[in-house]
Amino acid sequence: MAWRSSGSSNAELVENLRKNGVFSNQRAYDAMKAVDRGDFTSRDPYEDAPQRIGYNATISAPHMHAAALEYLQNHLVAGANALDVGSGSGYLTVCMAMMVGQTGTVVGIEHMSELVELSTKNIKKHHSEMIENGNVVMIDGDGRQGYAEKAPYNAIHVGAAAAGVPKALTDQLADGGRMMIPVEQEDGNQVFMQIDKINGKIHEKIVEHVIYVPLNPLCILYILYIILLSVRYSSSSWNRLLLYRQVSLIREESRVFEKT
Ligand code: SAH
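Under an unreviewed UniProt entry, the protein chain has the name Protein-L-isoaspartate O-methyltransferase and belongs to Caenorhabditis briggsae. Quoted straight from UniProt, the Function (unreviewed entry) entry for the protein chain says "Initiates the repair of damaged proteins by catalyzing methyl esterification of L-isoaspartyl and D-aspartyl residues produced by spontaneous isomerization and racemization of L-aspartyl and L-asparaginyl residues in aging peptides and proteins." What UniProt states about the protein chain under its Catalytic activity (unreviewed entry) heading is, verbatim, "[protein]-L-isoaspartate + S-adenosyl-L-methionine = [protein]-L-isoaspartate alpha-methyl ester + S-adenosyl-L-homocysteine".

Draft legend 1. Structural context of the overall build of the protein chain. Within the protein chain, the regular secondary structure consists of nine helices and nine strands. Within the protein chain, the fraction of its 260 residues that count as buried is 56%. A total of about 11500 Å² of accessible surface is found on the protein chain, and carbon and sulfur atoms cover 51% of it.

Draft legend 2. Main features of the site of the ligand. Near the ligand, the surroundings consist of 23 residues, among which His65, Ser89, Glu110, Asp142 and Gly143 are the closest. For the ligand, an oxygen atom lies 2.6 Å from a polar atom in the side chain of Ser89. Separating a nitrogen atom of the ligand from a backbone N or O atom of Gly143 is a distance of 2.7 Å. When contributions to the shell around the ligand are tallied by element, the ones reaching two or more residues are β2 (57–59) and α9 (247–259). Of the residues assigned to the shell around the ligand, the class counts are seven nonpolar, 12 polar and four charged.

Draft legend 3. Structural context of helix α2 (residues 26–34). Residues of α2 that are buried include every one of Ala28, Tyr29, Ala31 and Met32, and no others. Mapping the buried residues of α2 onto a view down its axis gives an arc of 160°, with all of them on the same face. Packing partners of the buried residues in α2 comprise α1 (10–19), α3 (62–71) and α4 (91–100). Measuring from the backbone nitrogen of Arg27 back to the side-chain oxygen at the start of α2 gives 2.9 Å, which picks out Asn25 as the cap.

Draft legend 4. Spotlight on the pairing of strand β7 (residues 173–184). Within β7, nine of the 12 residues are buried, which leaves the element mostly enclosed by the surrounding structure. Relative to β7, strand β6 (residues 153–158) runs parallel, the two sharing four bridges. Within β7, the position partnered with Ala155 by the bridge is Arg178. Bridge count for β7 against strand β8 (residues 190–198) is seven bridges, and the pairing is antiparallel. Looking across to β8, one finds that Val183 is bridged to Val191. In this antiparallel pair of consecutive strands, β7 and β8, the connection spans five residues, and Gly188 shows a positive phi of 90°.

Draft legend 5. Seen up close, the nonpolar core. Judged by nonpolar contacts, the single largest core of 43 residues is most densely connected at Phe23, Met32, Leu69, Leu76 and Cys95. Elements with a contribution of two residues or more to this core: α1, α2, β2, α3, α4, α5 (113–132) and β5 (136–140). If you tally residues by element for this core, the top one is α4, at eight residues. Once residues lying within four places of it in the same chain are set aside, the contact partners of Leu69 are Ala28, Met32, Leu76, Leu92, Cys95, Met96 and Met99. Core analysis: the second largest hydrophobic core is formed by 17 residues, Tyr147, Leu169, Met193 and Ile195 among them.

Draft legend 6. View of α1. All of the buried residues in α1 are Asn10, Leu13, Val14, Asn16 and Leu17. Burial along α1 is one-sided: seen end-on, the buried residues are contained in an arc of 160°. Its buried side turned inward, α1 meets α2 and α3. Once α1 finishes, Gly21 follows within two positions and takes phi at roughly 80°, a positive value.

Draft legend 7. Main features of the packing of aromatic side chains. Evaluated as defined, the whole model comprises three aromatic pairs. Taking 5.9 Å as the distance between ring centres and 90° as the angle between the ring planes, the aromatic pair formed by Phe23 and Tyr29 counts as edge-to-face. We note that Phe23, like Tyr29, is buried. Between Phe40 and Tyr91, the ring centres sit 5.6 Å apart and the planes meet at 80°, which makes this aromatic pair edge-to-face. Highlighted residues: Phe40 in the loop between α2 and β1 (51–54) and Tyr91 in helix α4, separated in sequence by 51 residues. Like Phe40, the residue Tyr91 is buried in the burial classification. Residue placement shows Arg18 over the ring face of Tyr29; its charged tip is 3.6 Å from the ring centre.

Criteria and thresholds
- Position numbers for residues count from 1 along each chain, tracking the sequence in the order it is written.
- Local features are withheld for residues below a pLDDT of 70 in this predicted model, meaning they are given only at 70 or higher, and side-chain atom pairs are given and counted only at 80 or more; totals for whole chains, interfaces and linings count all residues.
- Side-chain measures were taken over the full set of non-hydrogen atoms in the model, leaving aside hydrogen atoms and water.
- UniProt positions are given in the numbering used here, feature names are shortened, and annotations may be inferred rather than shown by experiment.
- Counting from the N terminus, the helices are DSSP H or I runs at least four residues long and the strands are E runs at least two residues long.
- Partly exposed describes any residue whose relative accessible area lies between the buried limit of under 20% and the exposed limit of over 50%, with all areas from a 1.4 Å probe on protein chains only and scaled to the type maximum.
- Areas reported here follow the Shrake-Rupley algorithm with a probe of radius 1.4 Å; residue values treat only the protein chains shown as occluding.
- One heavy atom within 4 Å of a molecule or strand is enough for the residue carrying it to be called near that molecule or strand.
- Any N or O atom pair separated by 3.5 Å or less is treated as a polar contact, with the protein-specific requirement of one donor-capable and one acceptor-capable atom, and with residues adjacent in sequence counted only for side-chain atom pairs.
- Here the nonpolar group is Ala, Val, Leu, Ile, Met, Phe, Trp, Tyr, Cys and Pro; Asp, Glu, Lys and Arg are the charged ones; every other residue, Gly included, is treated as polar.
- Within this analysis, the arc is defined by the directions that extend from the helix axis to the C-beta atoms.
- We call two residues in contact when some of their heavy atoms are within 4.5 Å.
- A strand pair is defined by DSSP finding two or more bridges across the two strands.
- Only buried Ala, Val, Leu, Ile, Met, Phe, Trp, Tyr and Cys residues count toward a nonpolar core, and they belong to the same one when joined by side-chain atoms within 4.5 Å.
- Here a Phe, Tyr or Trp ring, Trp counted by its six-membered ring, pairs with any other such ring whose centre lies within 6.5 Å, and the pair is stacked when the planes are under 30 degrees apart, edge-to-face when over 60, and tilted otherwise.
- Criterion for a charge above a ring: Lys NZ or Arg CZ within 6 Å of the ring centre, and within 35 degrees of the ring normal.

Shown next, in the form of structure tokens:
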């Protein structure tokens, strides 16, 4: 499924994501069109799949990035303040910065200093003005603590899963703000959670169910299982199916998140 939206250029990849119904939001589409994924990974950048970027990390699949921007669309508005936890390659941080514009700020926080350096280099290839003007700030640190210096945040994206939602992150969410975070459940499955703060109260909602699928002949049984779950839990089952190839990588990331 992940190859369904792949293209031979950034424009074709993003266009295919749109054709396949991954986007509904024009600004999310425009942001991904304006940020060349090829600046952030040299390995098959226009394939709709995650790619390894070294240091035990991956750049997430384009459909995952698109989904994150879609869920955060009303919070990534002009002048907004946002946080990208586990910023890795820096790709999504820049897409978020595109959406908040020149009066907004996005803080990318990453705990591998090598990736902070690499992502800064990646961003400077075509978007150095974002760093110069302070629209993008890359921080070397533990994302579970958030980044209190620039809080509160209208939008928080978390790129690596944890067993629960770190309290520092909900504390740093602005009133009216939204956080999207993958959370590992006790059964080992992961859910993508939407966390809204409304009048100081936290509202949690599971928006995606994701399941690890081993790449062996039993795959087909797992795929059937996913189809059943997708129909049960989701109004847009196709999008859920798109996620399955991503999951093993998310799980890998989640262990990294837990280890530190
Ligand atoms: N969203 C990014 C990276 C996703 S991979 C992209 O698409 O490029 C998840 C990232 O989270 C990895 O880069 C990993 O190093 C980082 N990470 C994991 N645990 C972290 C933590 N506790 N604090 C900050 N970053 C963390």
